[in-house]
2 protein chains.
Amino acid sequence: MNYVMAALQLHMQGNDTVILKARGRAISHAVDVAEITRNRFLTEFEVKNIEIGTEVVENENRKSNVSAISITLGKKS
Amino acid sequence: MNYVMAALQLHMQGNDTVILKARGRAISHAVDVAEITRNRFLTEFEVKNIEIGTEVVENENRKSNVSAISITLGKKS
């Protein structure tokens, strides 16, 4: 719920667009946040764009590929 | 990797489009499969569309909402 609150805060600061980004296992969490935000709180918002990609993360001198997602929520036009 | 193999098999059967669907925590896994498939195996494929939504799942007479994703991979045009 903390992320939902953060998204609401961004909205209340006057932003017409909220972008949610996550990597790895947090991806499913980002989708939850997008769905809860748009279904329960910001019902005038909709999913404008979703992108997926791969990022290289360095852990203890090892490089590994991690999937990433970017979900853009914006006001219904 | 089993899901990547399944996606490859669908491709080899002559399908120009492969749709990956997942719910809940498996969402991040579906993104991994899409990324691995298009980066390593079917490099002529790209992400055509991504949709997210909420599905109602019934467990032991309880209904709960679960996030879902649908990723469409298709040949680059």
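Since we're looking at a predicted model, the values are computed, not measured. (Residues numbered from 1 in each chain as written. Chains lettered and ligands numbered in written order. Predicted model: local features only at pLDDT ≥ 70, side-chain atom pairs only at ≥ 80, totals over all residues. Heavy atoms only, no water.)

### Quick notes on the environment of B:Val33
All names here are of chain B.
And then number 1: Relative to the helices and strands, Val 33 resides in helix 2 (residues 26-41).
And then number 2: For Val 33, a relative accessible area of 6% translates into the label buried.
And then number 3: For the pair Val 33 and Gly 53, spaced 20 residues apart in sequence, the C-alpha separation works out to 19 Å. (Helix = DSSP H or I, 4+ residues; strand = E, 2+ residues; numbered from the N terminus. Buried < 20%, exposed > 50% of the residue type's maximum accessible area, 1.4 Å probe, protein only.)

### As for the side chain of B:Glu35
And then number 1: For B:Glu35, the location among the structural elements is in helix 2.
And then number 2: On the basis of relative accessible area, B:Glu35 is assigned to the buried category, the value being 2%.
And then number 3: One polar contact links B:Glu35 to A:Thr54, side chain to side chain, over a distance of 2.4 Å.
And then number 4: Setting aside residues up to four positions removed in sequence, B:Glu35 forms contacts with A:Ile52, A:Gly53, A:Thr54 and A:Ser67. (Polar contact = N/O pair within 3.5 Å; in protein donor to acceptor, adjacent residues only side chain to side chain. Contact = heavy atoms within 4.5 Å.)

### Here's the deal with the interface of chain B and chain A
Often, the extent of an interface is quoted as the loss of accessible area on bringing the components together.
And then number 1: Taken together, the contact between chain B and chain A spans 20 residues of the former and 20 residues of the latter.
And then number 2: For the pair chain B and chain A, the summed buried surface comes to about 1400 Å²; carbon and sulfur atoms form 63% of the total.
And then number 3: At the surface where chain B touches chain A, the tally comes to 6 residue pairs in polar contact (both at pLDDT 80 or more).
And then number 4: Broken down by secondary-structure element, the contributors of at least two residues to the side of chain B that touches chain A are helix 2, strand 2 (45-59) and strand 3 (62-75) of chain B. (Buried area = accessible area lost by both parts, 1.4 Å probe.)

### Some thoughts on unusual backbone geometry
Note: most peptide bonds trans; most residues except glycine with negative phi.
All names here are of chain A.
And then number 1: For Glu 60, which is not a glycine, the phi torsion comes out positive at approximately 45°.
And then number 2: On the secondary structure map, Glu 60 appears in the loop between strand 2 (45-59) and strand 3 (62-75).
And then number 3: Its identity as a non-glycine residue notwithstanding, Asn 61 has a phi of 65°, on the positive side.
And then number 4: Locating Asn 61 in the fold gives a position in the loop between strand 2 and strand 3.
And then number 5: Residue classification places Asn 61 among the exposed residues on the basis of a relative accessible area of 74%.

### A closer look at the pairing of strand 2 of chain B
And then number 1: As judged from the 14 bridges shared by strand 2 of chain B and strand 3 of chain B, these two strands associate in the antiparallel manner. Bridge pairing in strand 3 of chain B links B:Glu55 to B:Val66. (Pairing = 2+ DSSP bridges.)

### Concerning the sheet that holds strand 2 of chain A
Residue and element names in this part refer to chain A.
And then number 1: A sheet is described by the order of its strands in space; here 3 strands give the open sequence 1-3-2, paired in antiparallel fashion. Each end of this open sheet is capped by a strand with a single partner; those strands are strand 1 (17-23) and strand 2. Recorded for the sheet is a direction-independent mean angle of 20° between the axes of neighbouring strands. (Axes fitted to C-alpha atoms, helices over the stretch in contact; angles between N-to-C directions.)

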